[in-house]
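For reference, the chains in residue letters:
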Amino acid sequence: MRDKLQNIKNEALALIIAGADQAEKDRLRVHYLGKKGVLAEIAKEFPSLASDEKADVGELFNDVKQAITNALGTVQAESGGAALPSVDVTLPGVKPPLGHLHPVTKAIAEISSIFERIGFTRVRYPEVDWDWYAFESLNMPKGHPARDEWETFFVDAPDHSKLGKVVLTPHTSNGQVREMERVKATPPIRMVNIAKCYRRQSDVSHTVMFHQFEGLVIDEGINITHLKGTIDHFVKQFFGPQRKSRLRPYHFQFTEPSFEVDVTCDICNGRGCKLCKEGWLELGGAGMVHPNVLKAGKIDSAKYSGFAFGWGVERTYMMKSGIKIDDLRLLYSNDIRFLTQF
Ligand code: FA5
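Source: prediction; values computed, not measured. (Residues numbered from 1 in each chain as written. Predicted model: local features only at pLDDT ≥ 70, side-chain atom pairs only at ≥ 80, totals over all residues. Heavy atoms only, no water.)

*Asks:* Just checking my understanding: could you explain the sheet that holds strand 4 (residues 164-168) for this structure?
*Replies:* Sheet strands pair via backbone hydrogen bonds, and the direction of the pair is either parallel or antiparallel. Ordered by their spatial adjacency, three strands build an open sheet running 2-4-3, and the pairing between neighbours is antiparallel. This sheet does not close on itself; its edge strands, each paired only once, are strand 2 (128-130) and strand 3 (153-160). Averaged over all adjacent pairs, the angle separating strand axes in this sheet is 25 degrees, with direction ignored. Sheet topology note: the strand 2/strand 4 ladder contains three bridges and is antiparallel. The residue of strand 4 that forms the bridge with tryptophan 130 is valine 166. (Pairing = 2+ DSSP bridges. Helix = DSSP H or I, 4+ residues; strand = E, 2+ residues; numbered from the N terminus. Axes fitted to C-alpha atoms, helices over the stretch in contact; angles between N-to-C directions.)

*Asks:* Would you mind going over a nonpolar patch on the surface with me for this structure?
*Replies:* Together, Ile17, Val87 and Val89 make up an exposed nonpolar region whose accessible area comes to about 270 Å². Inspection of the secondary structure assignment puts valine 89 in the loop between helix 4 (51-78) and helix 5 (103-116). (Patch = residues over 30% accessible without salt bridge, like charges linked within 9 Å, V, L, I, M, F, W, Y side chains within 5 Å. Areas by Shrake-Rupley, 256 points an atom, 1.4 Å probe, with all protein chains shown as cover. Salt bridge = Lys/Arg side-chain N within 4 Å of Asp/Glu carboxyl O.)

*Asks:* What's the story with the nonpolar core in this structure? I'm lost.
*Replies:* Nonpolar side chains in soluble globular proteins tend to be buried together. Counting 40 residues, the largest nonpolar core has Phe213 and Phe234 as the members making the most contacts within it. When residues no more than four places from it in sequence are discounted, the contact partners of phenylalanine 234 are Ile111, Ile114, Phe115, Phe213, Phe239, Trp311 and Thr316. (Core = buried A, V, L, I, M, F, W, Y, C linked by side-chain atoms within 4.5 Å. Buried < 20%, exposed > 50% of the residue type's maximum accessible area, 1.4 Å probe, protein only. Contact = heavy atoms within 4.5 Å.)

*Asks:* What exactly am I supposed to notice about the site of the ligand here?
*Replies:* For the ligand, the set of nearby residues contains 24 residues, the closest of which are His171, Ser173, Arg199, Gln201 and Gln212. Between the ligand and the protein, one listed contact pairs an oxygen atom with a side-chain N or O atom of tryptophan 150 at 3.2 Å. Interatomic distance of 3.1 Å between a backbone N/O atom of threonine 207 and a nitrogen atom of the ligand. Here the ligand, which alone exposes 680 Å², has 95% of that area covered by the protein. Elements with a minimum of two residues in the shell around the ligand: strand 6 (209-219), strand 9 (280-289) and strand 10 (305-312). (Near = heavy atom within 4 Å. Polar contact = N/O pair within 3.5 Å; in protein donor to acceptor, adjacent residues only side chain to side chain.)

*Asks:* When you look at the side chain of aspartate 131 in this model, what are you seeing that I'm missing?
*Replies:* Mapped onto the elements, aspartate 131 comes out in helix 6 (residues 131-134). Judged by its relative accessible area of 4%, aspartate 131 falls in the buried class. For aspartate 131, the contacting residues outside a window of four places in its chain are Glu136, Arg147, Phe154, Leu163, Gly164 and Lys165.

*Asks:* What exactly am I supposed to notice about helix 8 (residues 224-239) here?
*Replies:* Because an α-helix packs 3.6 residues into every turn, residues spaced three or four apart end up facing the same way. Taking 1.5 Å per residue as the helical rise, helix 8 with its 16 residues ought to reach 22 Å, and the 22 Å between its terminal C-alpha atoms agrees with that figure. Within the span of helix 8, buried status applies to Leu227, Thr230, Ile231, Phe234, Val235, Phe238 and Phe239. Buried positions in helix 8, seen along its axis, are confined to an arc of 130 degrees and lie on one side of it. Where helix 8 terminates, the next one or two residues include glycine 240, which has phi positive at roughly 120 degrees. (Expected span 1.5 Å × (residues − 1). Arc of directions from axis to C-beta.)

*Asks:* Help me understand unusual backbone geometry, please; the structure alone is not making it clear to me.
*Replies:* What you tend to see is this: most non-glycine residues have negative phi, and most peptide bonds are trans. In this chain, proline 187 is followed by proline 188 through a cis amide linkage whose omega measures 15 degrees. Within the secondary structure, proline 188 is located in the loop between helix 7 (174-182) and strand 5 (189-198). Looking along the chain, the bond that leaves glutamate 256 and enters proline 257 is cis, with omega of -5 degrees. Positive phi, close to 30 degrees, is recorded for glutamate 151, a residue that is not glycine. In this fold, glutamate 151 is placed in the loop between helix 6 and strand 3. Even without being glycine, asparagine 334 reaches a positive phi, approximately 60 degrees. Topologically, asparagine 334 is positioned in the loop between helix 10 (313-318) and helix 11 (336-339). On the basis of relative accessibility, which here comes to 59%, the residue asparagine 334 falls in the exposed class.

*Asks:* What should I look at first to understand the side chain of threonine 207 in this one?
*Replies:* Note that threonine 207 resides in the loop between strand 5 and strand 6. Only 2.9 Å separates the side chain of threonine 207 from the backbone oxygen of methionine 209, close enough to count as a polar contact. Ignoring anything within four residues of it in the chain, the contact list for threonine 207 reads Arg199, Gln201, Leu328, Arg329 and Tyr332.

*Asks:* Before we go on, may I ask you to explain the pairing of strand 4 in this structure?
*Replies:* The side chains of a regular strand alternate, residue by residue, between the two faces of the sheet. Looking at chain direction, strand 3 and strand 4 are connected through four bridges and run antiparallel. For phenylalanine 153, the partnering residue across the bridge sits in strand 4 and is leucine 168. Remark: three residues form the turn of the hairpin made by strand 3 and strand 4, two consecutive strands paired antiparallel.

*Asks:* Which parts of the structure should I look at to understand the packing of aromatic side chains?
*Replies:* Aromatic rings in a pair are described by how distant their centres are and how their planes are angled relative to each other. Overall, the coordinates contain 19 aromatic pairs when judged by the stated rule. Seen in terms of ring centroids, phenylalanine 234 and tryptophan 311 are 5.7 Å apart; in terms of plane orientation they differ by 45 degrees. Their pairing is tilted. With phenylalanine 234 in helix 8 and tryptophan 311 in strand 10, this pair connects stretches of sequence that are 77 residues apart. Here phenylalanine 234 falls in the buried class, since its relative accessible area comes to 0%. Residue tryptophan 311 is classed as buried on the basis of its relative accessible area of 1%. Geometrically, the ring pair formed by tyrosine 250 and phenylalanine 252 is tilted, given 5.2 Å between the ring centres and 55 degrees between the ring planes. Residue class for phenylalanine 252 comes out buried when judged on its relative accessible area of 15%. (Phe/Tyr/Trp six-rings, centres within 6.5 Å; stacked < 30°, edge-to-face > 60°.)

Encoded structure:
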């Protein structure tokens, strides 16, 4: 509010001094001092101010009003010979508020750099893709009940004769077979695909649009210890050295075996508290790449094996120590009062 008032004062005095004629001066008087003018509008915001701010801002408000009234009066008199109002042009200007990157953008940069430092390459695959890449190549044939989990938006567009319908990607796993095709079926692969995903879900822990980061490593002799080591490295770098991870058995059609990855809760440090399930918070899915997926990517499953994981950027960011976001949807509400906290 203080900055706004200072800016109004500077702007009004500059316009008045610029040598407005009588008609322009009348317009400026109505614009700034009129019943529905700029200052009257600002005055409406007073009731929402904290009581300790009210006196301070009120004083500045009166100063600004007085300065504009005087300037209009003096300039008016000036046509009759009086001096122009003095403005000290050497006074420091009012600094505009400084912005910063969105917390999700910052989290994405941090996640990519953690993986890039251990030899992963950041890749990006389509966020609007064919059914084949999002489901069928991932061992989920048409009509398979496992597809229901992904609550997918289908695009009203012509089908491809081989690749099927067009979807808004419900996960970044669509990048798995695309990456296998990119390396022309010759591993090694060490990719991290970070992209937007879409699902028909909206509540405190789900948004319709969110981001996932997908890791995929394929080479000779890759096993679960490589997966666990990579997860541990990420967890310690992103959350801090005191946080631990664990693999919990789960099922995904495109990995075998499959896991859910949990991280110790930052409040109770794994001991168990009201906020977590027995000391652990769920990070996302992971597992060893299913041979049918390698086959879809034309990779010899007798020679190569791999692991994959896919986690939500927003949820992972929320699990950082000291970050408390009660409703995930706030991240995309564009409310500056919320975003400036990060
Ligand atoms: C998957 O999407 C799998 N593709 C992950 C995977 C990749 C498993 C590779 C194995 C190998 P899931 O549906 O659980 O799994 O989603 C993964 C994560 O995405 C969730 O744990 C959550 O962090 C995030 N997520 C899912 N839906 C939403 C949503 N609507 N809003 C915000 N985050 C979401």
